[in-house]
Amino acid sequence: MSAAQLTARRGGPLRGVVRAPGDKSISHRALILGALASGVTEIEGLLEGDDVRRTAAAMAAFGAGVERLGEGRWRVEGRGGFSEPADVIDCGNAGTGVRLIMGAAAGFPIAATFTGDGSLRGRPMNRVLKPLGQMGATWICRDGGRLPLTLRGGNLKPIAYTLPEPSAQVKSAVLLAGLNGQGCEVIEPEATRDHTERMLRGFGAEIEVRDAEDGRHIVLPAGQALKGTRIHVPGDPSSAAFPLVAALIVPGSEVTVQGMLLNPSRIGLLDTLGEMGADLSVTNVRDEGGETVADVTARHSALEGVDVPPERAPSMIDEYPILAVAAAFASGRTAMRGIGEMRVKESDRIALMAAGLAACGAGVEEEPDALTVVGAVRANHGVGGGALVTTHGDHRIAMSHLVLGLAAEAPVRVDEPGMIATSFPGFVDLMRGLGADIGEA
Ligand code: S3P
């Protein structure tokens, strides 16, 4: 998609059955663990967005054999560890990619230099550098722990690390560092997505998870050897959220997303939409490679505002932008609290959603770690739309406002739509296939 801007217009109902692209979190991890393992890992359903392609290229740079066999089908030949890359590792827009790879690289006596695009170079890396430093890794970086950064690892000490912020990326970086070191323990006061733990087991690692009063303890003993395996990547619930919410807000719609990941640490949005009165049905629930997947159908619904419990934030942190869009079409207020982490994503998502929704005529109240949306229905008018939304290169800000435009009174335009390809390369075609009017501006 090379358009400078995209415009979404209100049209007829959205109808159809689609598959969400492969889960981004699981795709990064499949490539990284495949490269750390000994032997061949075959992956099906890999997300082929820019973020994950960067991780694939990085794994080749660290010495793994990485080959694309066909659509979503990749083969990784792991060499049982990382060797020193000959050039800078550019992770593009991907916070997950760079933080997990830094953790993995820290386990080896090599130096590696990491960088990324303008957004990634502005994001905090201290959250991973702190525990990696306690384990014995060293680095040199820009002020404030920013990229570019050169990391040197090897000969790490074990640590027990309590996560100061609920971050699966930090948890995973520590676990991956501990893998080739002396092991480690991570304590998370609030449980975050557990794909690293599940996948480590799939690669033959021994890992103990137990819930205690101070949170969840994840213990990785020293001396692990990973063996290549087969991985089927389920559909990404964070991407499925866009067509599902579009169906909820466009009158007459019914959309089914097949094969969506239903991991309990990822489905806070479904719970919240259910509480708002969304007509959602979950069918064909099945197990695929250690993860639960299902087909999810959304029908146009009269939504009501809710208070989203702050403790639900880790299970839907990437879905608040699209939830805020649903909330704009609901009656009453939707209060989203305890979401300060949204400010350090690909953009400051609280600020950009507040600005975009306000520009489209929705009522919003912004606080340091909260966003409240006043639904238009209560005020007895629709959502006006009619704005050009600044996305700061954030894919989820762009997709959220395009979905909003499908139900707003006037068209909504977004800048930098090319960034959508970082996580959802086929988004525009998939939405058009359902009947959405999204075109080049
Ligand atoms: C991710 C964890 C989350 C999420 C990101 C993917 C992961 O980030 O926002 O899109 O794959 O571990 P944090 O760890 O910063 O919460």
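Before going into details, it helps to say that this report is about the structure given with it. For clarity, every value in this text was computed on a predicted model and none was experimentally measured. (Residues numbered from 1 in each chain as written. Predicted model: local features only at pLDDT ≥ 70, side-chain atom pairs only at ≥ 80, totals over all residues. Heavy atoms only, no water.)

1. Observations concerning the packing of aromatic side chains
With the rule as written, the count across this model stands at 5 aromatic pairs. Arranged with centres 4.5 Å apart and planes meeting at 25 degrees, the rings of phenylalanine 62 and phenylalanine 82 form a pair that is stacked. One end of the pair, phenylalanine 62, is in the loop between helix H2 (50–61) and strand E4 (65–70); the other, phenylalanine 82, is in the loop between strand E5 (73–79) and strand E6 (89–90), and 20 residues separate them in sequence. An identical accessibility class is assigned to phenylalanine 62 and phenylalanine 82; each is buried. Ring geometry for phenylalanine 424 against phenylalanine 427: centres 5.4 Å apart, planes inclined by 70 degrees, an arrangement best described as edge-to-face. (Phe/Tyr/Trp six-rings, centres within 6.5 Å; stacked < 30°, edge-to-face > 60°. Helix = DSSP H or I, 4+ residues; strand = E, 2+ residues; numbered from the N terminus. Buried < 20%, exposed > 50% of the residue type's maximum accessible area, 1.4 Å probe, protein only.)

2. Examining the environment of valine 373
Here valine 373 lies in strand E21 (residues 370–374). The exposure class of valine 373 is buried, given its relative accessible area of 0%. Ignoring sequence-local partners within four residues, the contact set of valine 373 consists of Ala324, Ala327, Ala328, Gly332, Arg333, Thr334, Met336, Leu357, Gly363 and Val364. (Contact = heavy atoms within 4.5 Å.)

3. A closer look at the sheet that holds strand E3 (residues 38–44)
Reading across from one edge, E4-E5-E3-E14 is the order of the 4 strands in this open sheet, with mixed pairing throughout. Looking at which strands have only one partner, the edges of the open sheet turn out to be E4 and strand E14 (230–232). Averaged over all neighbouring strand pairs, the angle between strand axes comes to 20 degrees, with direction disregarded. Alignment of E3 against E5, held across 6 bridges, turns out to be antiparallel. What sits directly across from isoleucine 43, in E5, is tryptophan 74. Against the sheet, helix H1 (residues 24–36) makes contact with E3, E5 and E14, and its axis sits at roughly 35 degrees relative to E5, the strand it touches most. (Pairing = 2+ DSSP bridges. Axes fitted to C-alpha atoms, helices over the stretch in contact; angles between N-to-C directions.)

4. What about unusual backbone geometry?
Here the amide bond leading from leucine 147 into proline 148 is cis, since omega sits at -5 degrees, within 30 degrees of zero. Structurally, proline 148 is set in strand E9 (residues 146–152). Positive phi is not limited to glycine here, since asparagine 155 has a value of about 55 degrees. Mapped onto the secondary structure, asparagine 155 falls in the loop between E9 and strand E10 (160–162). Of note, asparagine 284 is a non-glycine position whose phi angle comes to about 55 degrees, a positive value. Within the secondary structure, asparagine 284 is located in strand E16 (residues 279–288).

5. Overview of the site of the ligand
Neighbouring residues of the ligand: Ser25, Arg29, Thr96, Arg127, Pro166, Ser167, Ala168, Gln169, Arg193, Ile317, Asp318 and Lys345. A distance of 2.6 Å separates an oxygen atom of the ligand from a polar atom in the side chain of serine 167. Its free accessible area being 380 Å², the ligand has 95% of it covered by the protein chains. Grouping the amino acids of the shell around the ligand by side-chain chemistry returns 3 nonpolar, 4 polar and 5 charged. Both domains that furnish three or more residues to the shell around the ligand are identified here as domain 1 (5–21 + 237–440) and domain 2 (24–220). (Near = heavy atom within 4 Å. Polar contact = N/O pair within 3.5 Å; in protein donor to acceptor, adjacent residues only side chain to side chain. Areas by Shrake-Rupley, 256 points an atom, 1.4 Å probe, with all protein chains shown as cover. Nonpolar A, V, L, I, M, F, W, Y, C, P; charged D, E, K, R; others polar. Domains from an automatic or database assignment.)

6. Considerations on the sheet that holds strand E20 (residues 363–367)
Within the open sheet, the 4 strands sit side by side as E18-E19-E21-E20. Their pairing is mixed. Here the strands that pair on one side only, and so sit at the sheet edges, are strand E18 (307–308) and E20. Helix H11 (residues 349–359) contacts E20 and E21 of the sheet and is inclined by roughly 160 degrees relative to E20.

7. Thoughts on the packing of helix H3 (residues 95–106) against helix H5 (residues 126–135)
Two elements in contact, H3 and H5, have axes whose closest approach is 10 Å; the angle formed by their N-to-C orientations is 15 degrees. Accordingly, the angle class assigned to the pair H3 and H5 is roughly parallel. Classified by chirality, the crossing of H5 by H3 is right-handed. For the pair H3 and H5, contact is made by Arg99, Met102, Gly103 and Ala106 and by Arg127, Val128 and Leu132, respectively. For the contact of H3 with H5, a count of residues per class yields 4 nonpolar, 1 polar and 2 charged. (Parallel < 35°, antiparallel > 145°, perpendicular 65-115°, else oblique. Left-handed = near helix turned anticlockwise from the far one by under 90°.)

8. Remarks on the layout of surface pockets
Put simply, the largest pocket is a space of about 510 Å³. If you trace the largest pocket, you find 37 residues lining it, with Gln169, Arg193, Ile317, Asp318 and Lys345 closest to the centre. Of all the secondary-structure elements, those providing two or more residues to the lining of the largest pocket are H1, H3 and helix H6 (168–179). If one sorts the elements of the lining of the largest pocket by residue count, H1 sits on top with 4 residues. A class-by-class count of the residues in the lining of the largest pocket yields 9 nonpolar, 11 polar and 17 charged. In terms of domain composition, the lining of the largest pocket takes at least three residues from each of domain 1 (5–21 + 237–440) and domain 2 (24–220). Counting contributing residues, the lining of the second largest pocket receives three or more from each of domain 1 (5–21 + 237–440) and domain 2 (24–220). (1 Å grid on protein atoms, 1.4 Å probe; cavity = no way out; pocket = protein on both sides within 12 Å on 5 of 7 lines; lining within 4 Å. Points joined across faces, edges and corners; volume = space filled by probe spheres on them.)

Read these as layout, nothing more, since geometry by itself doesn't imply function.
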